[in-house]
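# Observations on chain architecture
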Amino acid sequence: DPEEAMIASLSSCHMLWFLAFAANAGLVVDTYVDEASGKMGKDDAGRSYLAHVALRPCTSFTGRVPAQEEIDDLHHQAHDHCEMAHSVRATITTIATIG
């Protein structure tokens, strides 16, 4: 459905930026799995819209495993650069874990 396609697009954009920033930081990413989800809401006129998207990326690494703080910073950078995230009014949260 269209909402799932929008969530997948946001997840993919975020992932690509994250992978770029991780590579620039010298990290070797083995896996990146995102269990993204969304929630619909209604605006003041009663129209449905994608109100909230939760990205839940779990990443594993070869070699140096970064601290959670570094992972969170890389995800923050990814969000700031994701054009898709700038194109929606949904609130986007990222809950990152290291697998």
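Definitions and limits used
- Just so you know, the residues in each chain are numbered from 1, in the order the chain's sequence is written.
- With pLDDT at 70 or above as the cut-off, local features in this predicted model cover only qualifying residues; side-chain atom pairs require 80 or more to be listed or tallied, and sums for whole chains, interfaces and linings still use all residues.
- With hydrogens and water stripped out, all remaining heavy atoms of the structure feed into the side-chain values.
- Of the grid points, spaced at 1 Å and generated over the protein atoms alone, those admitting a 1.4 Å probe that cannot get out make up cavities, while open sets with protein on both sides within 12 Å along at least five of seven lines make up pockets; any residue with an atom within 4 Å of a point is treated as lining.
- Grid points are joined across faces, edges and corners, and a volume is the space filled by probe spheres set on the points.
- Under the convention adopted here, Pro, Cys and the residues Ala, Val, Leu, Ile, Met, Phe, Trp and Tyr are nonpolar, Asp, Glu, Lys and Arg are charged, and Gly plus all remaining residues are polar.
- Counted as salt bridges are all cases of a side-chain nitrogen of Lys or Arg within 4 Å of a carboxyl oxygen of Asp or Glu.
- What counts as a helix is a DSSP run of H or I of at least four residues, what counts as a strand is a run of E of at least two, and both are numbered from the N terminus.
- Only protein chains enter the accessibility calculation, which uses a 1.4 Å probe; a residue whose area is less than 20% of its type maximum is buried, one above 50% is exposed, and one in between is partly exposed.
- Lines fitted to C-alpha atoms define the axes, with helix axes restricted to the stretch in contact, and inter-axis angles between N-to-C directions lie between 0 and 180 degrees.
- Roughly parallel means an angle under 35 degrees; roughly antiparallel, over 145; roughly perpendicular, 65 to 115; everything else is oblique.
- It is the rotation of the near helix from the far one that decides the hand of a crossing: anticlockwise by less than a right angle makes it left-handed, clockwise makes it right-handed.
- Contact between two residues is taken to exist if any of their heavy atoms lie within 4.5 Å; hydrogens are not considered.

On to empty space enclosed by the protein, then. Here the structure, examined in full by the defined rule, presents one cavity of 30 Å³ or more. Here the largest cavity defines a volume of roughly 30 Å³. Around the largest cavity, the lining residues are L10, H14, L55, H79, C82, A85 and I92. A per-class count over the lining of the largest cavity returns five nonpolar, two polar and no charged.

Counted under the stated rule, the structure contains three salt bridges. For the salt bridge of D43 with R89, the shortest nitrogen-to-oxygen distance reads 3.8 Å. Note that D43 is positioned in the loop between strand 2 (37–42) and strand 3 (48–55) and R89 in the loop between helix 3 (83–86) and strand 5 (91–94), a separation of 46 residues in sequence. A residue is classified by how much of its surface remains accessible, and R89, at 55% relative accessible area, is exposed. R64 serves as the salt-bridge partner of E70, at 2.8 Å between the closest nitrogen and oxygen. The partly exposed category is assigned to E70, whose relative accessible area is 24%. Residues joined by salt bridges that share partners form a network here, namely D43, R47 and R89.

Looking now at the packing of helix 1 (residues 2–24) against helix 2 (residues 68–81). Packing of helix 1 against helix 2 leaves a shortest axis separation of 8 Å and a crossing angle of 125°. When the axis of helix 1 is compared with that of helix 2, the two are oblique. In the packing of helix 1 onto helix 2, the handedness of the crossing is right-handed. Two secondary-structure elements touch here, helix 1 through H14, W17, F18, F21 and A22 and helix 2 through I71, L74, H75, Q77, A78, H79 and H81. In terms of residue class, the contact of helix 1 with helix 2 is built from seven nonpolar, five polar and no charged.

Moving on to the side chain of S11. Its location among the elements puts S11 in helix 1. With a relative accessible area of 12%, S11 lands in the buried category. Apart from the residues within four sequence positions on either side, S11 is in contact with D34, A36 and L55.

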